[in-house]
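Residue-level listing of the chains:
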Amino acid sequence: MTDEAVRLSASKPLTRDEVARVVARDIPSGSYVNLGIGLPTKVANHLEPDSGVVLHTENGMLGMGPEAHGDEVDHDLINAGKIPVTELPGAAYFHHADSFAMMRGGHLDICVLGAYQVSAGGDLANWHTGRPDDIPAVGGAMDLALGAKETFVMMDLFTRSGEPKLVPSCTYPLTGLACVSRVYTDRAVFLLGDGPVRVRETFGTTVADLQAGLPDVELVDATGRA
């Protein structure tokens with residue numbers, strides 16, 4: 001998808017692939033990046049071949065390429081979400097323990113994670129809703145959220161029942177405190193830090209409408225600004 005296609009789609013909420021395209025566009029060249037399971041894995045499909053971005057997988061690989069299809073599929077070559085992937089020239093493989101040492105040692109520039117909730121202060125809840133019938137699945141999310149230099153989140157802004165997922169404070173069990181710097185959603189891109197949440201970009205909505213839908217989160221219109 002081209003940047004023009006993303007721009008044209010801004011008249012309505014973005015699809016998940018379009019959100020992934022926006023994230024891919026924002027990752028600086030030369031970055032070492034981990035893509036969490038689920039929605040974030042789509043980012044790999046939207047990085048330009050010459051982007052210079054090196055993808056790390058929790059299960060022990062540097063230099064991951066896009067998802068594999070057809071004859072490209074090798075079931076021994078998968079990402080942490082068990083999706084068949086491709087490898088780029090120079091790809092390397094290593095032990096799971098070495099992979100976690102990279103994650104915990106501050107060697108990743110960015111991790112991109114999904115979330116159940118993100119607080120206005122950047123707290124992350126993405127491993128358990130607290131419901132008795134849910135299966136807790138933290139995996140390496142805690143290590144990634146606090147080990148990477150920046151944590152981006154990709155998620156729908158609202159649940160299927162219409163509840164906001166960007167909240168004043170998380171009500172689900174926490175993965176990490178004050179670790180999220182950006183939230184990419186189908187409705188907007190949010191920048192988190194000290195003070196109110198800044199709305200960098202909107203898709204099919206306005207900042208006023210976002211504020212109405214997120215009444216407990218203070219928003220600042222930063223669209224059109226650096």
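Small disclaimer: the values here were computed from a predicted structure and weren't measured. Numbering of residues starts from 1 in each chain and follows the order in which that chain's sequence is written. Since the coordinates come from a predicted model, pLDDT governs what is reported: local features require at least 70, and pairs of side-chain atoms require 80 or more to be given and counted, while whole-chain, interface and lining totals use all residues. By convention in this description, side-chain values take in all heavy atoms of the structure and omit both hydrogens and water.

A.B. asks: I'm lost on the pairing of strand β10 (residues 180–184) in this one. Help?
C.D. replies: Successive residues of a regular strand alternate their side chains across the two faces of the sheet. Partly exposed residues are those whose accessible area sits between 20% and 50% of the maximum for their type, while under 20% is buried and over 50% is exposed, using a 1.4 Å probe and protein chains only. Segments assigned H or I by DSSP are reported as helices when at least four residues long, segments assigned E as strands when at least two residues long, and all are numbered from the N terminus. Summarising burial for β10: four of the five residues are buried, a large majority. Two strands form a pair only when DSSP identifies at least two bridges running between them. Pairing between strand β8 (residues 150–154) and β10: four bridges, direction parallel. Along β10, the bridge assignment pairs F152 with R182. Counted between consecutive antiparallel strands, the loop separating β10 from strand β11 (residues 188–191) contains three residues.

A.B. asks: What am I meant to see in the nonpolar core here?
C.D. replies: As a rule of thumb, nonpolar side chains are buried together in soluble globular proteins. One finds V118, L124 and F190 to be the most contacted residues of the largest nonpolar core, which totals 29 residues. Of all the secondary structure elements, the ones that give two or more residues to this core are α3 (96–104), β5 (110–113), α4 (141–147), β10, β11, β12 (197–202) and α5 (207–213). Those residues in contact with V118 that lie beyond four places of it in its chain are D123, L124, V153, M155, K165, L166, V167, C170, V180, V183 and L192. With 26 residues, the next largest nonpolar core counts A20, A24, V43 and L55 among its residues. Here, nonpolar core means buried Ala, Val, Leu, Ile, Met, Phe, Trp, Tyr and Cys residues that are tied together by side-chain atoms lying within 4.5 Å of each other. The contact criterion used is simple: two residues touch if any of their non-hydrogen atoms lie within 4.5 Å.

A.B. asks: Where do I start with the sheet that holds β12 in this structure?
C.D. replies: Pairing between the strands of a sheet comes from backbone hydrogen bonds, and it takes one of two forms, parallel or antiparallel. The ten strands are arranged β4-β3-β2-β1-β5-β8-β10-β11-β12-β13 in an open sheet whose pairing can be described as mixed. A strand with exactly one partner marks an edge of an open sheet, and here the two such strands are β4 (85–93) and β13 (219–221). Looking at each pair of strands side by side, their axes are set apart by 30° on average, direction ignored. Bridge count between strand β3 (residues 61–67) and β4: four bridges; the pairing is antiparallel. By the bridge assignment, L62 is partnered in β4 with A92. Under this scheme, a helix contributes an axis fitted over its contacting stretch, all axes are lines through C-alpha atoms, and angles between N-to-C directions fall in the 0 to 180 degree range.

A.B. asks: I'm lost on the environment of A137 in this one. Help?
C.D. replies: Within the secondary structure, A137 sits in the loop between β7 (124–125) and α4. Note on A137: relative accessible area 54%, which makes it exposed. Along the primary structure A137 and W127 are separated by ten residues, whereas in three dimensions their C-alpha atoms are 5.3 Å apart.

A.B. asks: What's the story with the pattern of salt bridges in this structure? I'm lost.
C.D. replies: Two side chains bearing opposite charge may form a pair once their charged atoms approach each other closely. The rule for a salt bridge is simple: a side-chain nitrogen of Lys or Arg has to be within 4 Å of a carboxyl oxygen of Asp or Glu. Inspection of every chain in the model, using the stated rule, returns eleven salt bridges. K42 is the salt-bridge partner of D17, the closest N and O atoms lying 3.8 Å from each other. Of this pair, D17 sits in helix α2 (residues 16–26) while K42 sits in the loop between β1 (32–35) and β2 (54–57), and the two are 25 residues apart along the sequence. By relative accessible area, K42 is classed as partly exposed at 25%. For R25, the salt bridge is made with D26, and the minimal N-O distance between the two is 3.6 Å.

A.B. asks: Even after reading the chapter, I still don't get α3, so can you show me in this structure?
C.D. replies: Along an α-helix, residues three or four positions apart point the same way, because every turn accommodates 3.6 residues. Residues S99, F100 and M103 constitute the buried set of α3. Viewed end-on, α3 has its buried residues packed into an arc of 95°, placing them on one side of the element. Against β2 and α4 lie the buried residues of α3. Looking one or two residues past α3, G106 carries a phi angle of roughly 80°, positive in sign. As used here, the arc belongs to the directions running from the helix axis to the C-beta atoms.

A.B. asks: How should I be thinking about unusual backbone geometry in this particular structure?
C.D. replies: The bulk of non-glycine residues show a negative phi, and the bulk of peptide bonds are trans. Unusually for a residue other than glycine, K82 sits at a positive phi of about 65°. Not every positive phi belongs to a glycine, and A178 is a case in point at roughly 45°. One can find A178 in the loop between β9 (166–167) and β10.

A.B. asks: Would you take a moment to explain the sheet that holds strand β6 (residues 117–119) for this structure?
C.D. replies: Judged by pairing direction, the sheet is mixed, and its three strands sit side by side in the order β7-β6-β9 without closing on themselves. Whereas interior strands pair on both sides, the edge strands pair on one side only; in this sheet they are β7 and β9. Both β6 and β7 contribute to a ladder of two bridges, which runs antiparallel. Paired with Q117 across the strands is A125, a residue of β7.

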